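Below, each chain spelled out in residue letters.
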Amino acid sequence: MAAHLSYGRVNLNVLREAAIVWDEYLTGPFGLIAQYSLLKEHEVEKMFTLKGSRLPAADVKNIIFFVRPRLELMDIIAENVLSEDRRGPARDFHILFVPRRSLLCEQRLKDLGVLGSFIHREEYSLDLIPFDGDLLSMESEGAFKECYLESDQTSLYHAAKGLMTLQALYGTIPQIFGKGECARQVANMMIRMKREFTGSQNSVFPVFDNLLLLDRNVDLLTPLATQLTYEGLIDEIYGIQNSYVKLPPEKFAPKKQGDGGKDLPTEAKKLQLNSAEELYAEIRDKNFNAVGSVLSKKAKVISAAFEERHNAKTVGEIKQFVSQLPHMQAARGSLANHTSIAELIKDVTTSEDFFDKLTVEQEFMSGIDTDKVNGYIEDCIAQKHSLIKVLRLVCLQSVCNSGLKQKVLDYYKREILQTYGYEHILTLHNLEKAGLLKPQMGGRNNYPTIRKTLRLWMDDVNEQNPTDISYVYSGYAPLSVRLAQLLSRPGWRSIEEVLRILPGPHFEERQPLPTGLQKKRQPGENRVTLIFFLGGVTFAEVAALRFLSQLEDGGTEYVIATTKLMNGATWIESLMEKPV
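From a predicted model like this one, the values you see are computed outputs, not experimental measurements.

1. Some points on the domain arrangement of the protein chain
Moving on, step 1. Here the protein chain is described as being made up of domain 1 (1-126), domain 2 (130-222 + 478-571), domain 3 (230-251 + 267-350) and domain 4 (353-445).
Moving on, step 2. Distance between the C-alpha centres of domain 2 and domain 3: 33 Å.
Moving on, step 3. Facing eight residues of domain 2, the contacting portion of domain 3 comprises 11 residues.
Moving on, step 4. A combined buried area of about 890 Å² lies between domain 2 and domain 3, and 45% of that area is made up of carbon and sulfur atoms.
Moving on, step 5. In this structure, the connection of domain 2 to domain 3 is made through three salt bridges.
Moving on, step 6. Connecting domain 2 to domain 3 are four residue pairs in polar contact (both at pLDDT 80 or more).
Moving on, step 7. When grouped by side-chain class, the residues that make up the side of domain 2 that touches domain 3 number four nonpolar, one polar and three charged.

2. Observations concerning the sheet that holds strand β5 (residues 118-123)
Moving on, step 1. In spatial order, the strands read β2-β1-β3-β4-β5; together these five strands make up an open sheet with parallel pairing. The sheet terminates laterally at β2 (44-49) and β5, the two strands that pair on one side only. For this sheet, the mean angle separating the axes of adjacent strands, direction not counted, is 20°.
Moving on, step 2. Pairing between strand β3 (residues 62-67) and strand β4 (residues 92-97): six bridges, direction parallel. Within β4, the residue paired with V67 across the bridge is F97.
Moving on, step 3. Of the strands in this sheet, β1 (18-22), β2 and β3 touch helix α1 (residues 24-31), which is tilted by about 110° from β1.

3. A short note on the pairing of β1
Each regular strand displays side chains that alternate between the two surfaces of the sheet.
Moving on, step 1. Summarising burial for β1: five of the five residues are buried, a large majority.
Moving on, step 2. Judged by which residues are buried, β1 turns out to be covered on both faces: A18, I20 and W22 on one side and A19 and V21 on the other are all buried.
Moving on, step 3. Pairing analysis gives five bridges linking β1 to β3, with the strands arranged parallel. Paired with I20 across the bridge in β3 is I64.
Moving on, step 4. Note: β1 against β2, five bridges, orientation parallel. Opposite W22, over in β2, you have T49 as the bridge partner.

4. Overview of unusual backbone geometry
Moving on, step 1. With omega at 0°, the peptide bond leading from V98 into P99 counts as cis.
Moving on, step 2. Tracing the sequence through the fold places P99 in the loop between β4 and α4 (103-111).
Moving on, step 3. Looking along the chain, the bond that leaves R489 and enters P490 is cis, with omega of 10°.
Moving on, step 4. Its place among the elements puts P490 in the loop between α19 (479-488) and α20 (496-501).
Moving on, step 5. The phi dihedral of S151 is positive, around 50°, even though this residue is not glycine.
Moving on, step 6. Its place among the elements puts S151 in the loop between α5 (143-148) and α6 (154-170).
Moving on, step 7. A relative accessible area of 64% places S151 in the exposed class.
Moving on, step 8. Here S474, not a glycine, exhibits a phi torsion of approximately 50°, which is positive.
Moving on, step 9. Structurally, S474 is set in the loop between α18 (447-453) and α19.

5. Overview of the pattern of salt bridges
Moving on, step 1. Counting across every chain of the model gives 30 salt bridges.
Moving on, step 2. One salt bridge in this structure joins E509 and R184, with 2.8 Å as the shortest N-O distance. Of this pair, E509 sits in strand β13 (residues 506-510) while R184 is found in helix α7 (residues 181-196), placing the two residues 325 residues apart along the sequence.
Moving on, step 3. For R184, a relative accessible area of 19% puts it in the buried group.
Moving on, step 4. Through salt bridges with shared partners, a single network forms among D132, D134, E231, R284, D285 and R546.

6. Thoughts on the nonpolar core
Moving on, step 1. The biggest cluster of nonpolar side chains holds 155 residues, and the ones touching the most others in it are L213, L436, L483 and F532.
Moving on, step 2. Broken down by element, the residue count for this core peaks at nine residues, all from helix α15 (residues 387-399).
Moving on, step 3. A19, A58, L73 and F97 belong to the second largest nonpolar core, which has 23 residues in total.

7. What about the packing of aromatic side chains?
Moving on, step 1. In the structure shown here, the tally under the stated rule is 16 aromatic pairs.
Moving on, step 2. Both rings, one in Y170 and one in F208, keep their centres 6.4 Å apart while their planes meet at 80°; by these two values the pair is edge-to-face. Of this pair, Y170 sits in helix α6 while F208 sits in the loop between α7 and β9 (210-215), and the two are 38 residues apart along the sequence.
Moving on, step 3. A relative accessible area of 8% means that F208 is categorised as buried.

8. Comments concerning the packing of α15 against helix α16 (residues 406-420)
Two packed helices can be described by the angle between their axes and the distance between those axes.
Moving on, step 1. The interhelical angle for the contact between α15 and α16, taken along N-to-C directions, is 175°, at an axis separation of 12 Å. Considered as vectors, α15 and α16 are oriented roughly antiparallel to each other. Here α15 contributes L387, V390, L391, V394 and Q397 to the contact with α16, which in turn contributes Y412, I416 and Y420.
Moving on, step 2. By residue class, the composition of the contact of α15 with α16 is seven nonpolar, one polar and no charged.

What counts as what
Residues numbered from 1 in each chain as written. Predicted model: local features only at pLDDT ≥ 70, side-chain atom pairs only at ≥ 80, totals over all residues. Heavy atoms only, no water. Domains from an automatic or database assignment. Contact = heavy atoms within 4.5 Å. Buried area = accessible area lost by both parts, 1.4 Å probe. Salt bridge = Lys/Arg side-chain N within 4 Å of Asp/Glu carboxyl O. Polar contact = N/O pair within 3.5 Å; in protein donor to acceptor, adjacent residues only side chain to side chain. Nonpolar A, V, L, I, M, F, W, Y, C, P; charged D, E, K, R; others polar. Pairing = 2+ DSSP bridges. Helix = DSSP H or I, 4+ residues; strand = E, 2+ residues; numbered from the N terminus. Axes fitted to C-alpha atoms, helices over the stretch in contact; angles between N-to-C directions. Buried < 20%, exposed > 50% of the residue type's maximum accessible area, 1.4 Å probe, protein only. Core = buried A, V, L, I, M, F, W, Y, C linked by side-chain atoms within 4.5 Å. Phe/Tyr/Trp six-rings, centres within 6.5 Å; stacked < 30°, edge-to-face > 60°. Parallel < 35°, antiparallel > 145°, perpendicular 65-115°, else oblique.

The structure is reproduced here in structure tokens:
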């Protein structure tokens, strides 16, 4: 891991006796690749969050700012530097922009009179961060908005760079498939970068057989629907940030007799969620309705394992039991945590409002009443439910009807602006520009054709023992994952008509491999496909791809990469204009 610290153009080993000042957004992603203990080994004495006014006192020679290239952050840094200069002994300042340097930001620092204070001004290329064994993310929160609203291709360039780094490590990917305008641009950038580095021939044996680049706007529907997997619901209700979730503490307080509920903890319970935890790896991708039975079976197994202690008679048997004890206690703690989380989620999913919302979503996705004003949405606006919830439902209706009739669209817009305030007119404009909320063009609804051809709606879903990816939404099969499934078998030629209806070009590129690096497939050996979602991916889509990877006759294993892990709420929020 320490190798990460020598990565890029600045070697942190040079900067001894340092304090790091973090842009708060970066602490999560960096925490996944370099823990504080590791930084301490490299003589990082203190760590602070970037805030206005003076920095906390620290007896260090070097102060390093790790920040995203944002103008508003430059103002805070200038304030910090000027107050340090007034404080006393001279410090050496360094700034690292993540993932890229910005001339605009450096100009702002110059205007504020502090640019000359920085000895190093560098960039730290944090392209793809590993979140799990099969999941990588750039955690670029503005990627969708930049690409589809602002025509800014910077995040696409970083995606291409990240893919080039992966190829340097794991071999050239022989075939690239793609769907969408951004996918085409990323593929073009990769081909150009490869041409520019023709001198260095990649001699690594390829791990991946295919790369599939998918634009988020090819499938706008999936993130808008409520995810119904265990991990998806945790994210929908509580929000998973960089593998961590913060939960209400009451359910996790140890129960003591005679306490009468006194002294309940007030600080949120913070848990890390990834496949390193055995039980979570088993239940994360299941439909929530199938989680209860797994937890109850697990409870019986753990209880039986602890009962074994009564049967341990000899010294050898007791020793064996004691050696298994740490693992058993960890399993019991894990079970207690996930039982508490499942109870918290059940409180939400059994509520009347959750059921009503889900019913409306499923009606839209199966093509029922998508062309008229919806009574439930009207009620939500009248009762002033969360604006994000309302926008998500209206956008879902719009996408499932290939746009709304002008009369219906105008009615929704008027109701939203009158109820929530006219400042949201810019947000509605953004949603329209992104293709989420728009008038129907030419009076034609293409969604039924797409739904039937790609089998996006399945009536008989087995949530306990699924046979199809539609279990992740209890009926709806994510369009993006269905495209990946059909590419694998029988190939996209079978769905040419639908591919023409969906936005953006579809293409295939081959990258020639040097002699001796061509893969000779063994009988029964699976292909490995890297699928890159440009604009974000949901946990339900990740679960559906893992399901396909585990199919015995599937023939393909998937590794997933994305610009951002997201859900419908965080996605809509990223497109909302903040009131000034």
